[in-house]
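What follows is the residue order along each chain.
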Amino acid sequence: MPELPEVEALARFLAGRASGRTVTSVAVGDISALKTAVPPLDALVGRAVVGVTRHGKWLDLAVDGGLHLVWHLSRAGWVRWSDQAPTTPVRPGRSPLALRVRFDDGAGFDLTEYGTRKRLAVHVVTDPAAVPMVASLGVDPLGPHFTVARLAELAAARNQQVKGLLRDQRQIAGIGNAYSDEILHAAQMSPFTLSRSLDAAAVARLHAVVREVLTGALDSASGRPAAELKDAKRRGMQVHGRAGLACPVCGDTVREVSFADSALQYCPTCQTGGHPLADRRMSRLLR
């Protein structure tokens, strides 16, 4: 799933290419992706793009007149830009194409989603906060309100696994499974550490690492074409998606814990005192 660094890079990429361009057509390839009916999708046509921004993992293309095309790529969605967008009619069907937007210079982009579980979501709204999941987003970890004190408040509010805290979009917006693995590896912290067990020094260290990992990933992603962002993300991972390989920090083997619909990766030497974690589907953490 695209997370904050990739989504921010996509926002910057689209802003650089679409700002000032007028929308000439918007076509739906998968009607299930469109979550709103009013305003209608064709209300975007004839309006100029005034900006593209990010809310957590959501993208927001704003046009004049106060309308916003807001979308979430979910696990298998992506943005595919074309300097010469196809002009053939979009026909709903089994294609991965969910939405196509074209501009007055002939360029445009597709929103695509592969796989059978369709979760990509598109909204047309007059205010991004009209999208319930946008309105419920927590603090942005690269924003000014994400302070050490704010992270300490979140950690103390409910005793939860620190990986869950980092991934909960209602608490911290934009971090998912991949970057939570990377952050905890860099912070030398077990993913199952309970948030209320963190002392002031641990909270400050975690805050600094969140900023460092996300800023580094964003620096790596920025300026890249949309087509290159996925591969750049994979190459930058230290532990996520690298189970069975050597940890680049200490050389230990990266381990994995599997869940019903996801998995986490970690380094025992760097994060758990050399002790492997048990499969959470069968037993508790080995101590």
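Report follows, based on the coordinates. (Residues numbered from 1 in each chain as written. Predicted model: local features only at pLDDT ≥ 70, side-chain atom pairs only at ≥ 80, totals over all residues. Heavy atoms only, no water.)

### Focus: the overall build of the protein
Regarding its fold elements, the protein presents 8 helices and 10 strands. Taking 287 residues into account, the globule formula puts the C-alpha radius of gyration at 19 Å, and the protein, at 20 Å, falls close to it. In terms of overall dimensions, the protein has C-alpha extents of about 60 × 35 × 35 Å along its principal axes. Split into buried and exposed, the 287 residues of the protein put 50% on the buried side. Sequence-distant contacts in the protein: of pairs separated by 6 or more residues, those separated by 24 or more amount to 63%. With the model as given, the accessible surface of the protein reaches about 13300 Å², and the carbon-plus-sulfur share is 52%. Charge separation in the protein, taken as the distance between the mean sites of 35 positive and 27 negative side-chain charges, equals 6 Å. (Helix = DSSP H or I, 4+ residues; strand = E, 2+ residues; numbered from the N terminus. Rg over C-alpha atoms; globule rule 2.2 N^0.38 Å. Buried < 20%, exposed > 50% of the residue type's maximum accessible area, 1.4 Å probe, protein only. Contact = heavy atoms within 4.5 Å. Areas by Shrake-Rupley, 256 points an atom, 1.4 Å probe, with all protein chains shown as cover. Lys, Arg positive; Asp, Glu negative; His and termini not counted. Charge placed at Lys NZ, Arg CZ, Asp CG, Glu CD.)

### What about the nonpolar core?
By size, the foremost hydrophobic cluster in this structure holds 39 residues, and its most contacted members are L69, W71 and F109. Ranked by residue count, the leading element in this core is helix α1 (residues 4–18), at 7 residues. L69 has contacts with L41, L44, L59, D60, L61, L99, V101, F109, V122, H123 and V124, leaving out every residue within four places of it along the chain. With 27 residues, the next largest nonpolar core counts V162, L206, V209 and L214 among its residues. (Core = buried A, V, L, I, M, F, W, Y, C linked by side-chain atoms within 4.5 Å.)

### What about the sheet that holds strand β7 (residues 108–113)?
Strand order in the open sheet formed by 4 strands is β1-β6-β7-β5, and the pairing between neighbours is antiparallel. Each having just a single partner strand, β1 (23–28) and β5 (77–82) make up the two edges of the open sheet. Direction aside, neighbouring strands of the sheet carry axes that sit 15° apart on average. In the sheet, β5 pairs with β7 via 6 bridges, with the strands oriented antiparallel. Its bridge partner being in β7, R80 is matched across the sheet by D110. Of the strands in this sheet, β5, β6 (97–103) and β7 are in contact with α1, which crosses β5 at around 25°. (Pairing = 2+ DSSP bridges. Axes fitted to C-alpha atoms, helices over the stretch in contact; angles between N-to-C directions.)

### Let's talk about the side chain of E182
Mapped onto the elements of the fold, E182 is located in helix α5 (residues 177–186). The side chain of E182 is buried and forms no salt bridge, while R242, the nearest opposite charge, is found at 7.5 Å. Residues within four places of E182 in sequence aside, it is in contact with V213, G236, M237, Q238, V239 and H240. (Salt bridge = Lys/Arg side-chain N within 4 Å of Asp/Glu carboxyl O.)

### Thoughts on the packing of aromatic side chains
Per the stated rule, a full pass over the model turns up 4 aromatic pairs. Relative to W81, the ring of F13 lies with its centre 6.1 Å away and its plane at 85°, an arrangement referred to as edge-to-face. In this pair, F13 is assigned in helix α1 and W81 in strand β5, connecting sequence segments 68 residues apart. Just as F13 is buried, W81 falls in that class too. (Phe/Tyr/Trp six-rings, centres within 6.5 Å; stacked < 30°, edge-to-face > 60°.)

### Examining the sheet that holds strand β3 (residues 58–63)
Spatially, the 4 strands line up as an open sheet ordered β2-β3-β4-β8, and their pairing is antiparallel. If you trace the sheet from one side to the other, it starts and ends with β2 (49–55) and β8 (121–125), each paired once. Strand-to-strand twist of the sheet, defined as the mean angle between neighbouring strand axes without regard to direction, takes the value 15°.

### Some words on unusual backbone geometry
Glycine aside, a negative phi is what most residues show, and trans is what most peptide bonds show. Cis geometry marks the peptide bond from V38 to P39; its omega dihedral reads -5°. Position of P39 relative to the elements: it lies in the loop between β1 and β2. In this structure, S74 is a non-glycine residue whose phi angle is positive, near 55°. If you trace the backbone, S74 turns up in the loop between β4 (67–72) and β5. Phi angles above zero are rare outside glycine, and Q188 is one such case at about 55°. Structurally, Q188 is set in the loop between α5 and α6 (200–221). Given a relative accessible area of 53%, Q188 falls into the exposed group.

### Considering the environment of V162
Residue position: V162 is located in helix α4 (residues 162–167). Not counting the four nearest positions on each side in its chain, V162 is found in contact with L184, M189, S190, P191, T193, L198 and L206.

### Topic: the environment of L154
In this structure, L154 sits in helix α3 (residues 148–157). On the basis of relative accessible area, L154 is assigned to the buried category, the value being 6%. Between the C-alpha atom of L154 and that of G115, which follows or precedes it by 39 residues, the distance is 35 Å. Ignoring sequence-local partners within four residues, the contact set of L154 consists of V139, Q160, L165, Q171 and I172.

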